[in-house]
Amino acid sequence: MSELSALGLSDWLVKQCRQLGISRATPVQENCMPAILQGRDCMGCAKTGSGKTAAFVLPVLQKLSEDPYGIFCLVLTPTRELAYQIAEQFRVLGKPLGLRDCIIVGGMDMVTQALELSRKPHVVVATPGRLADHIRSSNTFSMKQIQFLILDEADRLLEQGCTDFTKDLEVILQVLPAKRQTLLFSATLTDTLQELKSIALNKPFFWESKSETRTVEELDQRYILTPEKVKDAYLVHLIQTFTDEHDDWSIIIFTNTCKNCQILTMMLRAFNFPTISLHSMMKQKQRFANLAKFKSSVYKILIATDVAARGLDIPTVQVVINHNTPGLPKIYIHRVGRTARAGRNGVSITLVTQYDIHLVHSIEEHTQTKLKEYPVEEEEVLQILTQVNVTRRECEIKLESTDFDEKKEINKRKQLILEGKDPDLEAKRKAELEKIRSQKKKFKEKIQENIQKQKNAQLKKKLMKKKYIKKKKAEQMAK
Ligand SMILES: Nc1ncnc2c1ncn2[C@@H]1O[C@H](COP(=O)(O)OP(=O)(O)OP(=O)(O)O)[C@@H](O)[C@H]1O
């Protein structure tokens, strides 16, 4: 690791870093910061928890201090919680500058945000959807002068997943100057390198940490093979063991859906575990409040969907449990990267059913790490199995009596409206597609049935012929 001052940072910034416990640069900082300070575009790919945020925050602050104006820098990131975390790093490190930042994310008041944007903050940290909304609806701010565009978790921003940012990014890129520095960072940048290269136009400086594995050495990666029906009993058993043995540990449990997140939270609370949840069906204020309670260790267990998989930096997290095996290796890398950050140790445990074994193989191949089995006293798990499953069922019934599913439907409709689609038309289209699909299926089945019938008839014919020949032969022999 290098001294920060040797990398071209001013004394005030080095001093500010020291106050935050940053005395020497991590490899991603050591390699990317000089290139950024030289004015180059940069793509940085380094493992989770390796200090990528400071690798772009520090050079931006250095440049901003030389020529301060607003809006100087725009940071885009996929989740609202991450936007607040990044803005906080800018605020803390840029305090001596009197840095003014502005956070533009969905679920918060648009008028207040528009007002803040019009006051020319130095740095805007945003999620793409809400920023694109402001650009479409307001002319009270300009981004024509920005020096830096930063895409944190860049691969997620550019991939076409369930939340597709590409249209919003197009809107944003149209209002940015062509002459700017573009910086892209992620722990899984190399997966989508080609798409990313088109965003950073000026022959970017590319740096990737050289390592055989794609997860950190300090992370102990484990799995438990379990039948689906016993999964929750394993989960309760694991949490009981961890909380019995450690006072100061926090645990993040990742699950696949908002509903599962809600049910597991209710279930663990029924067992008196201090549990809180984070998922996209919660109101934004509740999301922030829950995260704050988890960060301050008021609650030791956070159950989240993949909305919390990337970027969140919570040093007390010692354990990550994957209640479902992630379908994609890169989701696994980000999820387990919520622990073992900045040189600390951590454990990840993935619950694997017999249907997920191929996913584990793909994770192992991608991360170049073999997951080890986590030893569990199975007798103890079996002892609580009935109680856990009954409690889960009770929680499911309780949730069904609320308007959770209805809210989900409303949220889906809202999302479609935001995407400029008519929800009723979409539902009709979906039903029609479903009808066509089922007709196709029936048609295929019919063809298969006919083919089978033909084959059977041919077989029958062959058998009859054989029988006939046999009979004839027998008759001839008799003669
Ligand atoms: N040079 C440094 N020395 C010590 N700690 C550092 C240094 N740089 C950053 N950190 C700390 O390391 C932690 C992880 O940093 P950061 O959140 O930037 O990781 P990241 O690489 O962006 O991870 P992810 O891929 O999960 O988003 C933070 O708490 C940060 O304050």
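Residues numbered from 1 in each chain as written. Predicted model: local features only at pLDDT ≥ 70, side-chain atom pairs only at ≥ 80, totals over all residues. Heavy atoms only, no water.

1. Description of the overall build of the protein chain
Assigned secondary structure in the protein chain consists of 17 helices and 14 strands. Along the first, second and third principal axes, the C-alpha set of the protein chain runs to 115 × 55 × 50 Å. Burial analysis of the protein chain (479 residues in total) assigns 47% to the buried set. A separation threshold of at least 6 residues defines the contact pool for the protein chain, and within that pool the share at least 24 residues apart is 75%. Computed over 75 positive and 58 negative side-chain charges, the separation of the two mean positions in the protein chain equals 10 Å. (Helix = DSSP H or I, 4+ residues; strand = E, 2+ residues; numbered from the N terminus. Buried < 20%, exposed > 50% of the residue type's maximum accessible area, 1.4 Å probe, protein only. Contact = heavy atoms within 4.5 Å. Lys, Arg positive; Asp, Glu negative; His and termini not counted. Charge placed at Lys NZ, Arg CZ, Asp CG, Glu CD.)

2. Concerning the sheet that holds strand S10 (residues 275-278)
Pairing is parallel across the open sheet formed by 7 strands, whose spatial order is S10-S11-S9-S12-S13-S8-S14. Because the sheet does not close on itself, it has two edges, and the strands there are S10 and strand S14 (372-373). As paired elements, S10 and strand S11 (residues 301-304) share 4 bridges and run parallel to each other. Bridged to Leu278 within S11 is Ala304. Running at roughly 175° to S10, helix H11 (residues 258-270) makes contact with strand S9 (250-254), S10 and S11 of the sheet. (Pairing = 2+ DSSP bridges. Axes fitted to C-alpha atoms, helices over the stretch in contact; angles between N-to-C directions.)

3. Brief notes about the site of the ligand
Lining the immediate surroundings of the ligand are 18 residues, of which Arg24, Lys52, Thr53, Asp313 and Arg341 lie closest. Between Gln29 and the ligand, the recorded distance is 2.8 Å, taken from a side-chain N or O atom to a nitrogen atom. Partitioned by chemical class, the residues of the shell around the ligand number 2 nonpolar, 9 polar and 7 charged. When we break the shell around the ligand down by domain, the ones giving at least three residues each are domain 1 (4-208) and domain 2 (219-406). (Near = heavy atom within 4 Å. Polar contact = N/O pair within 3.5 Å; in protein donor to acceptor, adjacent residues only side chain to side chain. Nonpolar A, V, L, I, M, F, W, Y, C, P; charged D, E, K, R; others polar. Domains from an automatic or database assignment.)

4. Overview of the packing of helix H6 (residues 128-137) against helix H8 (residues 166-174)
Contact geometry of H6 with H8 gives a least axis separation of 9 Å together with a crossing angle of 45°. Taken together, the axis directions place H6 and H8 in an arrangement best described as oblique. As for how H6 packs across H8, the hand of that crossing is left-handed. Here H6 contributes Pro128, Gly129, Leu131, Ala132, Ile135 and Arg136 to the contact with H8, which in turn contributes Asp168, Leu169, Val171 and Ile172. Of the residues that constitute the contact of H6 with H8, the class distribution is 7 nonpolar, 1 polar and 2 charged. (Parallel < 35°, antiparallel > 145°, perpendicular 65-115°, else oblique. Left-handed = near helix turned anticlockwise from the far one by under 90°.)

5. Quick look at the sheet that holds strand S3 (residues 101-104)
Strand order in the open sheet formed by 7 strands is S3-S4-S2-S5-S6-S1-S7, with parallel pairing between adjacent strands. Pairing within the sheet leaves two strands with one partner each, and these edge strands are S3 and strand S7 (205-208). Strand-to-strand twist of the sheet, defined as the mean angle between neighbouring strand axes without regard to direction, takes the value 10°. Bridging between strand S5 (residues 148-152) and strand S6 (residues 181-186) involves 5 bridges; their strand directions are parallel. Within S6, the residue paired with Leu149 across the bridge is Thr182.

6. So, the environment of Met464
Within the fold, Met464 resides in helix H17 (residues 423-478). Overall, the relative accessible area of 55% leaves Met464 in the exposed class. Along the backbone, Met464 and His361 are 103 residues apart, and their C-alpha atoms lie at a distance of 51 Å.

7. Here's the deal with helix H2 (residues 27-37)
Those residues of H2 that sit buried are Val28, Gln29, Cys32, Met33, Ala35, Ile36 and Leu37. Where H2 is buried, its residues meet strand S1 (42-45), helix H3 (52-66), S5, S6 and S7. Positive backbone phi, approximately 100°, marks Gly39, located one or two places after H2.

8. Quick notes on the UniProt feature "domain: Helicase C-terminal" (unreviewed entry) in the protein chain
Mapped onto the present numbering, the UniProt feature "domain: Helicase C-terminal" (unreviewed entry) falls at residues 218-382. As annotated, residues 218-382 has a helix share of 39% and a strand share of 21%, and its two end C-alpha atoms lie 32 Å apart. (UniProt positions renumbered as here; feature names shortened; annotations may be inferred.)

9. Let's talk about the domain arrangement of the protein chain
How big an interface is tends to be expressed through the accessible area that disappears when the partners come together. Examined at the domain level, the protein chain breaks down into domain 1 (4-208) and domain 2 (219-406). Averaged C-alpha coordinates put domain 1 and domain 2 at centres separated by 30 Å. Taking both partners together, domain 1 and domain 2 bury about 1700 Å²; carbon and sulfur atoms supply 55% of that area. The largest share of the area that domain 1 buries against domain 2 comes from Thr48, Glu81 and Gln85, three residues that together contribute 35% of it. Taken together, the connections running from domain 1 to domain 2 amount to 5 salt bridges. Between the two partners, domain 1 and domain 2, sit 10 residue pairs in polar contact (both at pLDDT 80 or more). For the side of domain 1 that touches domain 2, the elements supplying multiple residues, two or more each, are helix H4 (80-93) and helix H7 (154-158). Broken down by element, the residue count for the side of domain 1 that touches domain 2 peaks at 5 residues, all from H4. (Buried area = accessible area lost by both parts, 1.4 Å probe. Salt bridge = Lys/Arg side-chain N within 4 Å of Asp/Glu carboxyl O.)

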